[in-house]
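# Topology and contacts: notes
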Amino acid sequence: MLLGNLHGRSVALVDGELVDVCKATDGAIDSDPMAFADLATHDVLRESLGAKGGAEGALVPSSTELAPPIPRPTKILAAALNYRPHAAESGFEAPATPALFARLPSALAGPADDIVLPAGRDQIDWEAELVLVVGREARNIDPDQGWTYVAGLTAGQDVSDRRAQFEGPSQFTMAKSYDSFAPTGPYMATLDEFENVDAIRLSCVLNGDEVQRGNTQELIHDVGRLLAYASSICTLNPGDLIFTGTPAGVGWGMSPQRFLQPGDVLETVIPGIGTMRNHCVSG
Ligand code: ZN
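Let me sum up the structure you'll find in this document.

Cut-offs used in this document
Residues numbered from 1 in each chain as written. Predicted model: local features only at pLDDT ≥ 70, side-chain atom pairs only at ≥ 80, totals over all residues. Heavy atoms only, no water. Helix = DSSP H or I, 4+ residues; strand = E, 2+ residues; numbered from the N terminus. Rg over C-alpha atoms; globule rule 2.2 N^0.38 Å. Buried < 20%, exposed > 50% of the residue type's maximum accessible area, 1.4 Å probe, protein only. Contact = heavy atoms within 4.5 Å. Salt bridge = Lys/Arg side-chain N within 4 Å of Asp/Glu carboxyl O. Phe/Tyr/Trp six-rings, centres within 6.5 Å; stacked < 30°, edge-to-face > 60°. Disulfide = S-S within 2.5 Å. Polar contact = N/O pair within 3.5 Å; in protein donor to acceptor, adjacent residues only side chain to side chain. Pairing = 2+ DSSP bridges. Axes fitted to C-alpha atoms, helices over the stretch in contact; angles between N-to-C directions. Donors = N, O, S within 2.8 Å, 3.2 Å for Na, K, Ca; no water.

For the rest of this paragraph, the subject is the overall build of the protein. Secondary structure summary: the protein contains 5 helices and 19 strands in total. Relative to a compact globule of 283 residues, whose C-alpha radius of gyration would be 19 Å, the protein shows 18 Å and is just as compact. Its C-alpha atoms give the protein principal-axis dimensions of about 55 × 45 × 30 Å. When each of the 283 residues of the protein is scored for burial, the buried share is 54%. The long-range fraction of contacts in the protein, counting pairs at least 24 apart against all pairs at least 6 apart in sequence, stands at 76%.

If you want it as structure tokens, here you go:
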């Protein structure tokens, strides 16, 4: 299933049409897209959408109006240096345990929203990532059980102010938490949308040029280890987002270095989930 958020309402993409999920399920599923983060709703969703897709709840497709599929996570965690070539281009060793940091939920933006480049900041960089949506409460879980805690997957950008990140005391949270720095979408795809959830391709395209290409089978710490490690520290709640790290090809690692400019179009592509297309504007 491809599940999304249209103007704050839960929608599903069925046969090329966006369907209002609350109407299509006769109210069994809430109109709030946060309902998608509860794995317990998925059987009802599957039954109802299979039977009713494209019927009463059908809406005109308007993907540029989609909002973040999971709009209100209690927290966002993100893995630093989780692909070896990216660790190398950043000048760091691959970490022995997951290097997780927090991002503020207020940084979330939709899959077609503008990325606002803050005035006076000249090193704003891109990071295409696969994002996990936690589907049930997790505390001290076993890595082998990791996927059973995942409601679905979406695409995300971990937009980063490199100057703020690397100058002075190393600070990731604020450097990656400006408003609009965490676009996600266009949909949350359930796991059955993928042939192999441990080998998902992702790429980043800047003004038509592919700058990043990766596959999650290259992750240093895989989904099970990320979830197990995170849940050993804090309880994970349905709807929490975990950015799994970015492949090589960020602007910081280029020679000469390259950073986002007003007018740039940043695309994040994950087959099975879709394409986000965010325009960069000056703040
Ligand atoms: Zn990242």
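Before going further, it helps to examine the pattern of salt bridges. Within the structure shown, the criterion is met by 14 salt bridges. One salt bridge in this structure joins R162 and D125, with 2.8 Å as the shortest N-O distance. With R162 in helix α4 (residues 162-166) and D125 in strand β10 (residues 124-125), the pair connects residues that are 37 residues apart, well separated along the chain. Here R162 matches D125 in class, with each residue buried.

We now examine the environment of T148. Its place among the elements puts T148 in the loop between β11 (128-134) and β12 (150-157). Look at T148 and you get partly exposed, because its relative accessible area is 36%. Considering only alpha carbons, one finds T148 and G135, 13 residues apart in sequence, at a separation of 8.2 Å. Excluding anything up to four places from it in sequence, T148 contacts L39 and R136.

Another point: the packing of aromatic side chains. Tallied over the entire structure, the rule returns 5 aromatic pairs. Ring geometry for F101 versus F172: centroids 5.1 Å apart, planes at 75°, classification edge-to-face. Here F101, found in strand β7 (residues 99-103), pairs with F172, found in the loop between α4 and β14 (182-189); they are 71 residues apart in sequence, far enough to count as distant. A relative accessible area of 10% places F101 in the buried class. Ring plane angle 45° and centroid distance 4.8 Å describe the contact between Y178 and F181, whose orientation is recorded as tilted. What links up through ring pairs into an aromatic cluster is the set F92, F101, F166, F172 and W252.

To continue, consider the state of the cysteines. One pass over the full model with this rule turns up 0 disulfides. The thiol sulfur of C280 is not disulfide-bonded, and the nearest other cysteine sulfur, from C204, lies at 9.7 Å.

Examined against the element boundaries, R103 turns out to sit in strand β7. In terms of polar contacts, R103 uses its side chain to reach the side chain of D158, at 3.1 Å. Setting aside anything within four residues of it in sequence, one finds R103 in contact with I76, A78, Q157, D158, V159, K176, S177, F181, A182 and F243.

Our next topic: the sheet that holds strand β18 (residues 265-270). Here we have 5 strands laid out as an open sheet, ordered β9-β19-β18-β15-β16, and mixed in their pairing. Pairing within the sheet leaves two strands with one partner each, and these edge strands are β9 (115-117) and β16 (209-215). Here the strands of the sheet are splayed against their neighbours by 20° on average, with no regard to which way each runs. The sheet contact formed by β18 and strand β19 (residues 274-282) spans 6 bridges and is antiparallel. Its bridge partner lying in β19, L266 is registered against N278.

Owing to its 3.6 residues per turn, the α-helix aligns residues three or four sequence positions apart on the same side. With 7 of 9 residues buried, helix α5 (residues 223-231) is to be regarded as a mostly interior element. Among the residues making up α5, those that are buried are V223, G224, L226, L227, A228, A230 and S231. Residues of α5 that are buried sit in contact with β6 (76-80), β7, β11, β12 and β17 (241-243).

All right, on to the coordination of the zinc ion then. Coordination of the zinc ion by the protein involves E127 (OE), E129 (OE) and D158 (OD), with metal-donor separations of 1.9 to 2.1 Å. For the zinc ion, the single-chain donor residues occur in sequence as E-x1-E-x28-D. The pair formed by E127 and E129 is uniform in burial state, with each residue classed as buried.

In this section: the pairing of β12. Consecutive side chains along a regular strand alternate between the two faces of the sheet. Where burial is concerned, most of β12 is hidden: 8 out of the 8 residues are buried. As judged from the 7 bridges shared by β11 and β12, these two strands associate in the antiparallel manner. Bridging from a neighbouring strand, V134 pairs with V150 of β12. Bridging between β12 and β14 involves 3 bridges; their strand directions are antiparallel.

Structurally, the position occupied by N207 is in the loop between β15 (201-206) and β16. The spatial distance from the C-alpha of N207 to the C-alpha of L266 is 6.5 Å, given a sequence separation of 59 residues. Setting aside its immediate chain neighbours within four residues, N207 contacts R258, G263, D264 and V265. A polar contact of 2.9 Å, which involves the side chain of N207, links it to the side chain of D264.

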